[in-house]
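# Geometric and topological summary
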Amino acid sequence: MMLPDVLRFSTQVLLRNTWRSVALMVCVAIGVSAVILLTGLGEGARQYVRNEFNALGTNLLVIFPGKRETAGAGPPIYGTTPRDLTIEDAQHLQRISGVDYVAPIIAGNAAVSHGALSREVVTIGSTDTFIQTRDMVLSMGKNLPETSAERAEPVCVLGMTLYRELFGNENPIGRIITVEDYRYRVIGVLAQRGESLGLDLRDVLLVPVRSAEMLFDTPALFRILVQLNPTHAKTDEQQNQVVERIYASIKERHHGEEDITIVTQKSMLDSFNSILTTLTMVIGFLAGISLLVAGILIMNLSLISVQRRRAEIGLLKALGASIRTVQIMILSETLLLIFIASIIGLGLAHALLLTLKLFFPYLPLEAPFWINALALLVALSVGTLFSILPARKAGSVPPAEVLRG
Amino acid sequence: MIQLDKINKYYKTGAETLRVLNDITLNIEQGDYISIMGPSGSGKSTLLNMLGLLDVFDTGSYRLEGVQTEVLDEEQRARIRGENIGFIFQSFQLIDRLTAAENVELPLILDEQSPKERKQKVAHVLAQVGLSDRATHRPGQMSGGQLQRVAIARAIVMQPQLILADEPTGNLDQKSGKEIVALLEELNRKGLTVVVVTHDLALGKRAKRRCVMVDGELSETPMGDDTAYESIVMGF
């Protein structure tokens, strides 16, 4: 039997049993769309995290106070800190070859007010290099002063949301705001930025790191951001050399104690990537179970269909159809149904992803080609697998028996 | 054309073994027209299924066109059925969702003939059975006589040498039955070998060779003695 005839015959059978076909198609379409939608969401989350890391700036190192230790049980913890990281430590790192910018950070929540308006925001004490390491730009005014690591100047830069909340559309440059008990002069406003790993950069206040020392009454740095030189620290090997130099520098300053942990942007990205890829696979697999259920349903209904069409199958065999031809016909009915349902499922999933994108425009919700191909392949494989038994049943129909009467 | 030699077929029903074909020996020549009559359960249809390679026998030998059929695998038997044998059934066995033309086309589709060739052949055989105007009708839209004519068209579309008809007039009124008998005779006149299993005495009598089957045993009654034949058959 030629392929166009097989397809024509299968189409006729599917159309003849409209409700059965529709019910099966709905099951398969839901299964396929669930696989694509959920893996698309997983991929979107992965892409989102990747973008967030890129937003942190390229070639970024984050230095945490304390040495990462292996605990007896539970997740790894950061050990106690014998010595704090200080602004001087950060300044020292600036001299290391391969380092472009160093941004020491002291952070905390502080109540910021202007006139009658008050707002509690994340306040970051850093230097003028902070906006380079975070790949940020100013929308008006100027950056923190270059002397931020030396002098506690009472100046600040506002995030866009904070600016809008406190000043509306007024020009804030030169105006005075109160942060806790201190008065700061506004010298700049950051350009609009999204969230970055949970921190809303639109709703922050930047002050010189020395001012933050006074504000939060601590000399200890929360962390140090190090931007590597894209030319001199391009390869993994070069980056590792810089990391080693940083460890050595801090160790020397901390009297032989290696009491910091350096996390590279790449290692963070790799960790998240690995976690989210696994998560995507797991949810994809879970969604795939619905396809398995659809497959079992297809098998049962196909068996019923074969049982009801025994006379027709017997007739075809009497007219010259071989066992193989009969089996191909039954198989093609299922595969055609699954193929159509999968296309509907693909369309449905992409429509839902597009709808979700309207509500969450910052999430890169897209199902890559390989996910679509995989969902289709899984659906067709499940269909083939669960059609084997009905096809074999059909092939074994004894024509003499079923054509009696 | 056909040589059956001591064919036996047994069915097991629980502990009991039933012998449905008992040492059947029969030679059929090309162009023969044979009727097989007998009471229900005598093994007529089973014999017809053996002849059509739809069923297998337990012992004996069956040569069809010089081919020893018992050594054939299912694939080879299917090919012979498709190419050399046309079947006509009492209940027509047409597929409801297909039109008359599509039903007739089925053997050609299974034989992988080109659509153009198929169309020509279907039109030809539908004209031969007088149903050109019913080509697009579905079985539900046709009378019993027309349905059986579609089935005959399907049986001859592959131009087989052998037509096996199982009670071809069993579900028809007298007038339609006569038309079908006339059609079978016409096919036989054109050289086709026809084997008919029937309860219809009128049909049985018109065959060139008359066989009677009782309890799995086949016997041929001599031609020319209608009274003797009728007395045997009426005794069923």
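Keep in mind that what you see is a predicted model, and the values were worked out from it rather than measured.

### Re the overall build of chain A
A count of helices and strands for chain A gives 12 helices and 14 strands. Dimensions of chain A, computed from the C-alpha atoms along their principal axes, are close to 105 × 50 × 40 Å. With 405 residues in all, chain A has 49% of them scored as buried. Contacts in chain A between residues far apart in sequence, at least 24 positions, make up 77% of those at least 6 positions apart. Put simply, chain A shows about 19,200 Å² of open surface, and 60% of that area lies on carbon and sulfur atoms. Between the averaged position of the 35 positive side-chain charges in chain A and that of its 35 negative side-chain charges there is a distance of 15 Å.

### Here's the deal with the overall build of chain B
On a plain count of helices and strands, chain B comes out with eight helices and 10 strands. Projecting the C-alpha coordinates of chain B onto the three principal axes gives extents of approximately 50 × 40 × 35 Å. Here chain B, with 236 residues, has 55% of them falling under the buried criterion. Partitioning the contacts of chain B with sequence separation of at least 6, the portion at a separation of at least 24 is 70%. Across chain B, the centroid of the 27 positively charged side chains sits 5 Å from that of the 33 negatively charged ones.

### Some details on the nonpolar core
Residues Ile2, Leu4, Ile36, Leu47, Leu51 and Tyr62 of chain B are the most contacted members of the largest nonpolar core, which totals 55 residues. Residue contacts for Ile2 of chain B: discarding those within four places in its chain leaves Leu26, Asn27, Ile28, Leu51, Tyr62, Arg63, Leu64 and Leu162 of chain B. Ranked by size, the runner-up nonpolar core spans 43 residues in total, among them Ile63, Val112, Tyr184 and Ile246 of chain A.

### Points about empty space enclosed by the protein
Counting across every chain of the model gives seven cavities of 30 Å³ or more. Each pocket or cavity is described by its volume, and for the largest cavity that value is around 100 Å³. Looking at the largest cavity, the residues that line it are Ala400, Leu403 and Arg404 of chain A together with Ser45, Leu48, Asn49, Leu54, Phe87, Ile88, Phe89, Leu164 and Asp166 of chain B. Sort the elements by how many residues they give to the lining of the largest cavity and helix α1 (residues 44-51) of chain B lands first, with three residues. Grouping the constituent residues of the lining of the largest cavity by class yields eight nonpolar, two polar and two charged. As a volume, the second largest cavity reaches approximately 60 Å³.

### Let's talk about the domain arrangement of chain A
Domain boundaries assigned for chain A yield domain 1 (3-52 + 270-402) and domain 2 (83-258). On a C-alpha basis, the centroid separation for the pair domain 1 of chain A and domain 2 of chain A is 54 Å.

### Observations concerning the interface of chain B and chain A
Contact with chain B, which involves 28 residues of that partner, is made by 27 residues of chain A. Here chain B packs against chain A, burying approximately 2,500 Å² in sum over the two surfaces, 60% of which is carbon and sulfur. Along the contact surface separating chain B from chain A lie three salt bridges. One salt bridge connects Asp5 of chain A with Arg118 of chain B, and the closest N-O pair in it is separated by 2.8 Å.

### Brief notes about the pairing of strand β14 (residues 260-264) of chain A
All names here are of chain A. Along β14, five of the five residues are buried, which leaves the element largely enclosed by surrounding structure. In the sheet, strand β1 (residues 60-65) pairs with β14 via five bridges, with the strands oriented antiparallel. Considered in β14, the bridge of Phe64 is made with Thr261.

### Remarks on the sheet that holds strand β10 (residues 217-221) of chain B
All names here are of chain B. Overall, mixed pairing links the six strands, which are arranged β6-β7-β8-β3-β9-β10 in an open sheet. In the strand order of this sheet, the two ends are held by β6 (85-88) and β10, each with one partner. Neighbour to neighbour, the strand axes of the sheet diverge by 20 degrees on average, direction disregarded.

### Notes on the packing of helix α10 (residues 323-359) of chain A against helix α11 (residues 369-395) of chain A
Residue and element names in this part refer to chain A. It is the contact of α10 with α11, at a shortest axis distance of 8 Å, that shows an interaxial angle of 150 degrees. Viewed along their axes, α10 and α11 adopt a mutual orientation that is roughly antiparallel. The handedness of the crossing between α10 and α11 is right-handed. Taken together, the residues of α11 that come into contact with α10 (itself represented by Ile323, Val326, Gln327, Ile330, Leu331, Thr334, Leu335, Ile338, Phe339, Ser342, Leu346 and His350) are Asn372, Leu376, Ala379, Leu380, Gly383, Thr384, Ser387, Pro390, Ala391, Arg392, Ala394 and Gly395. Split by residue class, the contact of α10 with α11 holds 14 nonpolar, nine polar and one charged.

### A short note on the sheet that holds strand β5 (residues 67-68) of chain B
Residue and element names in this part refer to chain B. The four strands are arranged β2-β1-β4-β5 in an open sheet whose pairing can be described as antiparallel. Two strands in the sheet have a free side with no partner beyond their single neighbour: β2 (16-28) and β5. Where strand β1 (residues 2-13) lies against β2, nine bridges are found, and the strand directions are antiparallel. Among the inter-strand pairings, Tyr10 is bridged to a residue of β2, identified as Arg19. Relative to β1, α1 is tilted by about 125 degrees, and along the sheet it contacts β1, β2 and β4 (59-64).

### Here we look at the confidence of the model for chain B
Taken over all residues, the pLDDT of chain B has a mean of 91, while the share at 70 or more is 98%. For this predicted complex, the interface score ipTM comes out at 0.91, while the overall pTM is 0.71.

### Let's talk about helix α3 (residues 100-110) of chain B
In an α-helix there are 3.6 residues to a turn, and that puts residues three or four apart on one side. With 10 of 11 residues buried, α3 of chain B is to be regarded as a mostly interior element. Among the residues making up α3 of chain B, those that are buried are Ala100, Ala101, Asn103, Val104, Glu105, Leu106, Pro107, Leu108, Ile109 and Leu110 of chain B. In the core, the buried residues of α3 of chain B are packed alongside α1 (3-16), α9 (310-318) and α10 of chain A together with α4 (115-128) and α5 (144-156) of chain B. One or two positions beyond α3 of chain B, positive phi appears at Glu112 of chain B, with a value near 60 degrees.

### Let's talk about the packing of aromatic side chains
Overall, the coordinates contain two aromatic pairs over all chains when judged by the stated rule. Judged by centre distance (5.9 Å) and plane angle (5 degrees), the rings of Phe87 of chain B and Phe89 of chain B are stacked. Neither Phe87 of chain B nor Phe89 of chain B differs from the other in exposure class; each is buried. Directly above the aromatic system of Phe9 of chain A lies the positively charged group of Arg97 of chain B, at a separation of 5.1 Å from the ring centroid.

What counts, and at which threshold
Residues numbered from 1 in each chain as written. Chains lettered and ligands numbered in written order. Predicted model: local features only at pLDDT ≥ 70, side-chain atom pairs only at ≥ 80, totals over all residues. Heavy atoms only, no water. Helix = DSSP H or I, 4+ residues; strand = E, 2+ residues; numbered from the N terminus. Buried < 20%, exposed > 50% of the residue type's maximum accessible area, 1.4 Å probe, protein only. Contact = heavy atoms within 4.5 Å. Areas by Shrake-Rupley, 256 points an atom, 1.4 Å probe, with all protein chains shown as cover. Lys, Arg positive; Asp, Glu negative; His and termini not counted. Charge placed at Lys NZ, Arg CZ, Asp CG, Glu CD. Core = buried A, V, L, I, M, F, W, Y, C linked by side-chain atoms within 4.5 Å. 1 Å grid on protein atoms, 1.4 Å probe; cavity = no way out; pocket = protein on both sides within 12 Å on 5 of 7 lines; lining within 4 Å. Points joined across faces, edges and corners; volume = space filled by probe spheres on them. Nonpolar A, V, L, I, M, F, W, Y, C, P; charged D, E, K, R; others polar. Domains from an automatic or database assignment. Buried area = accessible area lost by both parts, 1.4 Å probe. Salt bridge = Lys/Arg side-chain N within 4 Å of Asp/Glu carboxyl O. Pairing = 2+ DSSP bridges. Axes fitted to C-alpha atoms, helices over the stretch in contact; angles between N-to-C directions. Parallel < 35°, antiparallel > 145°, perpendicular 65-115°, else oblique. Left-handed = near helix turned anticlockwise from the far one by under 90°. pLDDT = per-residue confidence, 0-100. Phe/Tyr/Trp six-rings, centres within 6.5 Å; stacked < 30°, edge-to-face > 60°. Lys NZ or Arg CZ within 6 Å of the ring centre and 35° of its normal.

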